[in-house]
Amino acid sequence: MSEFDTKLTKLRRAFHRDPELGFQEERTKAKVAQILRDLGLEVHEGAGVIGLLKSGTGNRAIGLRADMDALPITEISSHDYVSENLGIMHACGHDGHTTMLLGAAEKLAQNPDYDGTAVFIFQPNEEHGLGAQAMLAEGLLERFPIEEVYGIHNLPGAPLGQVSTRAGQICASESLFEITIHGQGGHASMPHVGVDAITVGAEIVTALQTIVSRKLAPSAGAVVSVTEFITDGQRNVLPGNATLKGDVRARLPEDRNDLERFMRQIVSGIAAAHGITAEMTFNTEFIETINAVAPTEAVARVGRSLGLETIANRPPMSFSEDFAHFCAAVPGCFLLLGNGEDGPHGQPLHSADYDFNDALLPIGSDLWAELVRDRLPSRKTEQ
Ligand SMILES: [Zn+2]
Ligand SMILES: [Zn+2]
């Protein structure tokens, strides 16, 4: 292992030991900012950390994003860099993402053979889908206008260093809904004098399942899941009120809008059929991640030029990504990088025995650095 690779491994494990939840990444941010400063980058701290590496005189710029937050999960592994913060764990590999991007900053700072600015974006709170918007609200794009933006996520179970992406939609949206049914409670022995909120709720649950199967195209790949059904009933009391909560996934914004519209129709229609009222809230926490064509082609080109197995048209992922908000503002590409198949590297993201693969650190750093060289004009440096 080279000295550089050893350094990255040490750094990744230090982040791993000290995970912080979304919007609480204070120590992580301070460390990232310090490393970037030591490398000579111009650093801006706000909701996240931004590092600018300017080279030459050109005013073109591209953005590279890593995420820094961890999850409320108790790590069960016994390696010597296990989380020291009880109940918090880097179970999504953001410790590795942060380290790969810092590695790229070091590589490019040592050999800035491009003309323009590489904008290193370290975002907070990816897991709740709030960090990207917080950085955008601070004027990220106005202050540091980037032409394109890129994001990498490790993919457990895929061969180490395999690059996979696709043009168009790659990650789903996630919307949370809550339906409140206002019936009339009463005696369980005399249902006719009330309006049983459970019966109405059950009809709504069943009817909601017809949206995906009967209203959207079979290829839509949408999901409507009712995950909670709460009432104020008792053993001999018919409930007057019921709340249904759940989760909706969509691959396209148009489908998401249709899903919401059909859900509202069903909820108010069924309530009206029973002579009662019902309300629904529908909050989209993550929008769809849509990759632009040219950045996606660039990722495939760079992956192949580095000799990495590269899949340019993988199937869409079922999970959601906060990177979507950057991608919606600027043409971009979100790509997956294989984390390996065995042991903790192959365990699912968000599982208590998952671990980021340190062998991926130099691969990811190289990929980042080459992407900058592909997208910005080249500049000869004096060696
Ligand atoms: Zn995650
Ligand atoms: Zn993640």
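Each remark here, short or long, concerns the structure printed above.
Now for a look at the structure at hand.

Definitions and cut-offs
- Residues numbered from 1 in each chain as written.
- Chains lettered and ligands numbered in written order.
- Predicted model: local features only at pLDDT ≥ 70, side-chain atom pairs only at ≥ 80, totals over all residues.
- Heavy atoms only, no water.
- Salt bridge = Lys/Arg side-chain N within 4 Å of Asp/Glu carboxyl O.
- Helix = DSSP H or I, 4+ residues; strand = E, 2+ residues; numbered from the N terminus.
- Buried < 20%, exposed > 50% of the residue type's maximum accessible area, 1.4 Å probe, protein only.
- Pairing = 2+ DSSP bridges.
- Donors = N, O, S within 2.8 Å, 3.2 Å for Na, K, Ca; no water.
- Tetrahedral: all angles 85-135°; square planar, octahedral: opposite > 155°, others 65-115°.
- Axes fitted to C-alpha atoms, helices over the stretch in contact; angles between N-to-C directions.
- Contact = heavy atoms within 4.5 Å.

This paragraph deals with the pattern of salt bridges. Here the structure, examined in full by the defined rule, presents 24 salt bridges. Between Arg-12 and Asp-95 there is a salt bridge; the shortest N-O distance is 2.8 Å. One end of the pair, Arg-12, is in helix α1 (residues 3-17); the other, Asp-95, is in helix α3 (residues 94-110), and 83 residues separate them in sequence. The burial state of Arg-12 is the same as that of Asp-95; both residues are buried. Close ionic contact of Glu-42 with Lys-54 constitutes a salt bridge, the shortest N to O distance being 3.4 Å. Taken together, the positions of Glu-42 in strand β1 (residues 42-45) and Lys-54 in strand β2 (residues 49-55) put the pair twelve residues apart, joining distant regions of the chain. By relative accessible area, Glu-42 is classed as partly exposed at 36%.

A word on the pairing of strand β5 (residues 148-155). Burial analysis of β5 places eight of its eight residues in the buried class, which makes it a mostly covered element. Burial along β5 is two-sided: the residues Glu-148, Tyr-150, Ile-152 and Asn-154 and Val-149, Gly-151, His-153 and Leu-155 are all buried. Pairing between strand β3 (residues 61-67) and β5: four bridges, direction parallel. Bridge pairing links Leu-64 to Tyr-150 in β5. With seven bridges joining them, β5 and strand β16 (residues 332-338) adopt parallel strand pairing.

Here the zinc ion (ligand 2) is held by the protein donor atoms Cys-92 (SG), His-94 (NE2) and His-153 (NE2), which lie 2.1 to 2.3 Å from it. The metal-metal distance between the zinc ion (ligand 2) and the zinc ion (ligand 1) comes to 3.2 Å, with Cys-92 coordinating both. Remark: His-153 occurs in strand β5 and His-94 occurs in helix α3; sequence separation between them is 59 residues. Take His-94 and His-153: they sit in the same class, and that class is buried.

Right, let's get into the coordination of the zinc ion (ligand 1). Six octahedral donors around a metal ideally sit at 90 or 180 degrees from one another, while four tetrahedral donors ideally sit at 109.5 degrees. With distances of 2.0 to 2.6 Å, the protein atoms coordinating the zinc ion (ligand 1) are Cys-92 (SG), Glu-127 (OE), Glu-127 (OE) and His-350 (NE2). Relative to the metal, the four donor atoms surrounding the zinc ion (ligand 1) lie at angles of 55 to 155°, and the coordination shape comes out irregular. Sequence spacing among the residues donating to the zinc ion (ligand 1) works out to C-x34-E-x222-H.

Read across the sheet, four strands follow the order β10-β12-β8-β13 without closing on themselves; strand pairing throughout is antiparallel. In the strand order of this sheet, the two ends are held by β10 (223-231) and β13 (277-286), each with one partner. Sheet twist, expressed as the mean angle between neighbouring strand axes with direction ignored, is 15°. Bridge analysis of strand β8 (residues 173-182) against β13 gives nine bridges, and the strand direction is antiparallel. Bridged to Glu-174 within β13 is Phe-286. Against the sheet, helix α6 (residues 197-214) engages β8, β10 and β12 (241-250), with an angle of about 175° to β10. The strands touched by helix α7 (residues 253-273) within the sheet are β8, β10, β12 and β13, with β13 carrying the most contacts at an inclination of about 165°.

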